[in-house]
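Chain residues, written in single-letter form:
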Amino acid sequence: MFTCMTSSPEETVHLAELVGQKIREGTVLCLEGDLGAGKTLFVQSLAHTLGVEGEVTSPTFNLMNVYEGICRIYHFDLYRLETEEELEDIGFYEYTEEPEGIVVIEWPDKFPESLPEDYVKISIERTGETENSRRFMFSCAGEKYQEFIKELETFVHTSH
Ligand code: ADP
Ligand code: MG
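Rules of the game
- Along each chain, residues carry numbers from 1 onward, in the same order as the chain's sequence is written.
- For this description, chains carry letters from A and ligands carry numbers from 1, given in the order in which they are written.
- Totals for whole chains, interfaces and linings use all residues, but because this is a predicted model, local features are given only for residues with pLDDT of at least 70 and pairs of side-chain atoms are given and counted only at 80 or more.
- Only hydrogens and water are removed before side-chain values are computed, so all heavy atoms of the structure are retained for them.
- Throughout, near means a residue has at least one heavy atom within 4 Å of the molecule or strand.
- Here a polar contact means two N or O atoms within 3.5 Å. Within protein one must be a hydrogen donor candidate and the other an acceptor candidate, and residues neighboring in sequence count only if both atoms are side-chain atoms.
- In these tables, accessible area is a Shrake-Rupley quantity obtained with a 1.4 Å probe, and a residue counts as shielded only by the protein chains included in the view.
- Runs of H or I in DSSP of at least four residues are treated as helices and runs of E of at least two as strands, each being numbered from the N terminus.
- Every residue is assigned a pLDDT by the predictor, reflecting its confidence on a scale from 0 to 100.
- Type-normalised accessible area, obtained with a 1.4 Å probe on protein chains alone, sets the label of each residue: buried when under 20%, exposed when over 50%, and partly exposed for intermediate values.
- By the convention used here, residues are in contact when the closest approach between their heavy atoms is within 4.5 Å.

A.B. asks: Explain the site of ligand 1 to me, and be specific about the residues and the numbers.
C.D. replies: Taken together, 15 residues are adjacent to ligand 1, and T12, G36, K39, L41 and N132 come closest. In this structure, G36 approaches ligand 1 through a main-chain N or O atom, which is 2.8 Å from an oxygen atom. A distance of 2.8 Å separates an oxygen atom of ligand 1 from a polar backbone atom of L41. For ligand 1, the protein covers 74% of the area, taking 570 Å² as the surface of the free molecule. If you list the elements that add at least two residues to the shell around ligand 1, you get helix 1 (9-22) and helix 2 (39-49).

If you want it as structure tokens, here you go:
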């Protein structure tokens, strides 16, 4: 586990760029945080760093967007989902169980039982210090990403 503070949208863009430089294909990344925390901004910058050229918007209504960059990026937003059945219908488990490309999930906490065993988690909180200050907490579930989190910590803290 490690944390990183940002005090503006631009600093969050920079942080996401650093993560984009290190993230590997096959990663599931869960992004928690209240409305307006910065989840979608983070995903946009991550996707652009991975070579996505088109628009990146939160799939609140269509539930999943797919982008083509140096690899495929599957962007889920579970905010509006109500039942586990709907999750199954959109093929969520096929994407998350043996992920190809990179799978990013906003509002993973809506379906905690449906998440894969291994994933990277970023929780974003407003610190309250200023309107724009955010705390990013990086952690992981399972064993698979433990080494990655350590490498990312070193990279982020030396490039920040
Ligand atoms: P979410 O997807 O978590 O609901 P968004 O990424 O859509 O949130 O929106 C975050 C909003 O907060 C944007 O309008 C952004 O400009 C603003 N903002 C202010 N400070 C920050 C910060 N430090 N990091 C990220 N976003 C910030
Ligand atoms: Mg969002």
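A.B. asks: Please set out the confidence of the model for the protein residue by residue, giving values where relevant.
C.D. replies: Scored by pLDDT, the protein has a mean of 96; 100% of the residues are at 70 or more. Here the prediction assigns the complex a pTM of 0.97, and the interface score ipTM is 0.99.

A.B. asks: Give a detailed account of helix 2, specifying residues and quantitative values.
C.D. replies: Residues of helix 2 that are buried include every one of K39, F42, V43, S45, L46 and A47, and no others. Where helix 2 is buried, its residues touch helix 1, strand 2 (27-32), strand 4 (72-77), strand 5 (102-106), strand 6 (119-126) and strand 7 (134-141). Residue G51 follows helix 2 closely and has a positive phi angle near 90°.

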